[in-house]
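# Tertiary structure, described
Here is what each chain is made of, one letter per residue.
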Amino acid sequence: MKRIYTFLTMFMLALMPAMMTSCDTDDEYWWDDYYGDWYDDYNWYDDPFDHGNDQLVSMARTLNGTWTGNAKSDYKEDNGQWYEANFDVEFTFTQYTSYSCNGTGYETDSDDTGYSEVRRFKWYIDPRTGNINIEYIPSESRYLLDANGNSDTSGFFLGWSDKEKQDLFNGVMEGINVDEYITFDCERVTSRGTRALGSDSVQTTSQGKSYGKGFTLKRVENNVPKTLRRR
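First things first, this report covers the structure right here in the doc. (Residues numbered from 1 in each chain as written. Predicted model: local features only at pLDDT ≥ 70, side-chain atom pairs only at ≥ 80, totals over all residues. Heavy atoms only, no water.)

## A word on the overall build of the chain
If you tally the helices and strands in the chain, you get 2 helices and 11 strands. Its helices and strands taken in sequence order, the chain reads α-α-β-β-β-β-β-β-β-β-β-β-β from the N to the C terminus. Expressed as a percentage of its 231 residues, the buried residues of the chain come to 45%. Restricting the contact set of the chain to residue pairs at least 6 apart, pairs at least 24 apart contribute 58%. Total accessible area on the chain stands at roughly 13,100 Å², and carbon and sulfur atoms take up 50% of it. (Helix = DSSP H or I, 4+ residues; strand = E, 2+ residues; numbered from the N terminus. Buried < 20%, exposed > 50% of the residue type's maximum accessible area, 1.4 Å probe, protein only. Contact = heavy atoms within 4.5 Å. Areas by Shrake-Rupley, 256 points an atom, 1.4 Å probe, with all protein chains shown as cover.)

Below you can see the structure in the form of structure tokens.
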């Protein structure tokens, strides 16, 4: 009888760390369940989300910084006709914190005359899909960059290009609540490890990583007249 009691005691002691860990996990790591009830209620554009996995944080840190290049807007006017505008573009993405998968930014569009427009936006990377979502301020125009897209009208590539030996960011911003596709072809201006919003430290990312499946996206023509669509 004593032997059985000793065995049961040892068995319960062995279970205690597992039971305590289980309770802690339920309370502390609720964000690991990206299909939980909280997901649809989260304010992805405005509230810093600092609970992504390593892959998500690395992608956000890669996006963080300034990119410059060429862009083309295909858009539909009120008359139902589609038009095209080519312009020089510069994007700046800033994480809320060095661990956030969301943040703020601004886009600068320029034409051949030297005229420029600056548009502010908010952004987040969807932890379920890896898609990049952008909302412009104050128009509330929303666009999607599809992580699984790989065509002239969908997809993106973000990160190190072995062919070009540099960081690239190119793809298509698909209008969600506007009839527009913005195709862009950019390269990094700032070095990797640009500071996040309000951060005093620099968080670096590994050179060689890339994200998105848009490897065969057609690059934007550079030697064309640059005009701006007044948005």
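## As for the pattern of salt bridges
Tallying each qualifying case throughout the model produces 7 salt bridges. In this structure, K122 and D46 form a salt bridge, with 3.1 Å as the shortest nitrogen-oxygen distance. Taken together, the positions of K122 in strand β4 (residues 116-125) and D46 in the loop between α1 (2-28) and α2 (54-63) put the pair 76 residues apart, joining distant regions of the chain. Note on K122: relative accessible area 14%, which makes it buried. Among the ionic pairs, D74 bridges to K72, the shortest N-O distance being 3.6 Å. Its relative accessible area of 22% is what places K72 among the partly exposed residues. One network of salt bridges, with partners in common, ties together D46, K122, E135 and R142. (Salt bridge = Lys/Arg side-chain N within 4 Å of Asp/Glu carboxyl O.)

## Description of the packing of aromatic side chains
In this structure the tally under the stated criterion is 22 aromatic pairs. Ring geometry for W38 and Y42: centres 6.0 Å apart, planes at 85 degrees, overall edge-to-face. The pair W38 / Y42 is uniform in exposure class, with both members buried. Feature note: the residues W67, F91, F93, F121, W123, Y136, Y143, F169 and F184 constitute an aromatic cluster, connected by ring pairs. Above the plane of the ring of Y99 lies R61, whose end atom (NZ or CZ) is 4.8 Å from the centre. Between the NZ or CZ atom of R128 and the centre of the ring of Y39, over which it lies, the distance is 3.5 Å. (Phe/Tyr/Trp six-rings, centres within 6.5 Å; stacked < 30°, edge-to-face > 60°. Lys NZ or Arg CZ within 6 Å of the ring centre and 35° of its normal.)

## Description of the pairing of strand β1 (residues 65-76)
Judged by how many residues are buried, β1 sits mostly within the fold: 9 of 12 residues are covered. Sheet analysis places β1 next to strand β2 (residues 82-95), joined by 12 bridges and oriented antiparallel. Paired with N70 across the bridge in β2 is D88. What sits between the antiparallel neighbours β1 and β2 is a turn of 5 residues, in which G80 has the positive phi angle 85 degrees. Where β1 lies against strand β10 (residues 180-188), 9 bridges are found, and the strand directions are antiparallel. Note on β10: the bridge partner recorded for T68 is E187. (Pairing = 2+ DSSP bridges.)

## Re the environment of N70
With respect to the helices, strands and loops of the structure, N70 is situated in strand β1. For the pair formed by N70 and S110, sequence separation is 40 residues and the distance between their alpha carbons is 9.7 Å. Beyond its immediate stretch of four places on either side in the chain, N70 contacts F87, D88, V89, T183, F184, D185, V220, E221, N222 and K226. A polar side-chain atom of N70 sits 3.4 Å from a polar atom in the side chain of K226. (Polar contact = N/O pair within 3.5 Å; in protein donor to acceptor, adjacent residues only side chain to side chain.)

## Remarks on the nonpolar core
The biggest cluster of nonpolar side chains holds 37 residues, and the ones touching the most others in it are F91, F93, I132, I134, F169 and M173. Residues in contact with I134, not counting those within four places in the same chain, are Y45, F93, F121, K122, W123, S141, R142, Y143, L145 and M173. (Core = buried A, V, L, I, M, F, W, Y, C linked by side-chain atoms within 4.5 Å.)

## Structural notes on the pairing of strand β5 (residues 132-137)
Burial analysis of β5 places 5 of its 6 residues in the buried class, the great majority of the element. With 6 bridges connecting them, β4 and β5 associate as antiparallel partners. Bridging from a neighbouring strand, Y124 pairs with N133 of β5. Hairpin connection between β4 and β5: a loop of 6 residues separates the two successive antiparallel strands, and G130 in this loop has a positive phi of roughly 80 degrees.

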